[in-house]
Amino acid sequence: MNDYNEKGFVLLDVILALFLFTVGFAALYGLSEKALSEADQALRLTEAANHAQNIMETLGAESWRDNIRRGSCIPGGEVEGSEGFFRWRIYSDWDIPDELLRVKVEVSWLEQGSVQRYTLESLYALQ
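Nothing here was measured: the structure is a model prediction, and the numbers come from that model. (Residues numbered from 1 in each chain as written. Predicted model: local features only at pLDDT ≥ 70, side-chain atom pairs only at ≥ 80, totals over all residues. Heavy atoms only, no water.)

Trainee: Looking at this model, I keep getting lost on the overall build of the chain. Mind explaining?
Mentor: Secondary structure summary: the chain contains two helices and four strands in total. Reading the chain from its N end, one meets helices and strands in the order α-α-β-β-β-β. A globule of 127 residues ought to have a C-alpha radius of gyration of about 14 Å, yet the chain, at 29 Å, is considerably larger. Projected onto its principal axes, the C-alpha coordinates of the chain cover approximately 100 × 20 × 20 Å. Classification of the 127 residues of the chain by burial places 20% in the buried group. In the structure as shown, the chain presents an accessible area of about 9100 Å², 59% of it carried by carbon and sulfur atoms. A distance of 6 Å separates the average location of the 11 positive side-chain charges in the chain from that of its 20 negative side-chain charges. (Helix = DSSP H or I, 4+ residues; strand = E, 2+ residues; numbered from the N terminus. Rg over C-alpha atoms; globule rule 2.2 N^0.38 Å. Buried < 20%, exposed > 50% of the residue type's maximum accessible area, 1.4 Å probe, protein only. Areas by Shrake-Rupley, 256 points an atom, 1.4 Å probe, with all protein chains shown as cover. Lys, Arg positive; Asp, Glu negative; His and termini not counted. Charge placed at Lys NZ, Arg CZ, Asp CG, Glu CD.)

Trainee: How should the nonpolar core be read in this particular structure?
Mentor: The tendency in soluble globular proteins is for nonpolar side chains to be buried as a group. Within the largest apolar cluster, 19 residues are counted, with the highest numbers of intra-cluster contacts made by Trp64, Ile90, Val103, Val105 and Val107. Residues contacting Val103, with those up to four places away along its chain left out, are Met56, Leu59, Trp64, Cys73, Ile90, Tyr91, Ser92, Leu120, Glu121, Ser122 and Tyr124. (Core = buried A, V, L, I, M, F, W, Y, C linked by side-chain atoms within 4.5 Å. Contact = heavy atoms within 4.5 Å.)

Trainee: Could you clarify how one ought to interpret the pattern of salt bridges in this entry?
Mentor: Opposite charge on two side chains permits them to pair, given that their charged atoms come into close proximity. Following the criterion strictly, the structure yields ten salt bridges and no others. A salt bridge links Arg44 to Asp40; the nearest nitrogen and oxygen atoms lie 2.7 Å apart. One end of the pair is Arg44 and the other is Asp40, both in helix 1 (residues 7-61) and four residues apart, which spans about a single turn. When its relative accessible area of 33% is taken as the criterion, Asp40 is described as partly exposed. The salt bridge partner of Glu106 is Arg117, with a shortest N-O separation of 3.4 Å. (Salt bridge = Lys/Arg side-chain N within 4 Å of Asp/Glu carboxyl O.)

Trainee: Would you mind going over the sheet that holds strand 3 (residues 100-111) with me for this structure?
Mentor: Sheet strands pair via backbone hydrogen bonds, and the direction of the pair is either parallel or antiparallel. Taken in spatial order, the four strands line up as 1-2-3-4 in an open sheet, and their pairing is antiparallel. Because the sheet does not close on itself, it has two edges, and the strands there are strand 1 (77-83) and strand 4 (114-125). This sheet shows a mean twist of 20° between the axes of neighbouring strands, independent of strand direction. Pairing of strand 1 with strand 2 (residues 86-96) involves seven bridges; the strand directions are antiparallel. Paired with Val79 across the bridge in strand 2 is Ile90. (Pairing = 2+ DSSP bridges. Axes fitted to C-alpha atoms, helices over the stretch in contact; angles between N-to-C directions.)

Trainee: I'm lost on the environment of Phe85 in this one. Help?
Mentor: On the secondary structure map, Phe85 appears in the loop between strand 1 and strand 2. Expressed as a C-alpha distance, the spacing of Phe85 and Tyr124, which sit 39 residues apart in the sequence, is 29 Å. The contact partners of Phe85, leaving out residues within four places of it in the chain, are Arg44, Glu47, Ser108 and Trp109.

Trainee: Teacher, can you tell me more about the side chain of Asn67 here?
Mentor: Residue placement: Asn67 occurs in helix 2 (residues 64-70). Those residues in contact with Asn67 that sit more than four places away from it in its chain are Leu59, Glu62, Ser72 and Cys73.

Any functional reading would require information beyond the geometric quantities listed.
Structure below.
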């Protein structure tokens, strides 16, 4: 009862199914590639935030007058350094001379051909 013309439909169904599977698989691969890229960017941002926080905590652990004397923090100026693929800058300036110091730590890194930055800023009262 099978007609010769009906056999072509099975081959067409298989080709169509393979095509749809390939398109679906390519879409999933593209999504996973983007997800991995986004996760890598989030990891670098988290590392930069942790690095900025560590610098700020290291400065805050000492007397600000000692930090200024050592050159770790220069009011009206900046201090630069690098660690791994991160570069950091410490900017500071007086909000109220000899009483309130504004400190900003900026961490930058190169990602996908452009410079990314994370900035942490705080005010400190000098005793």
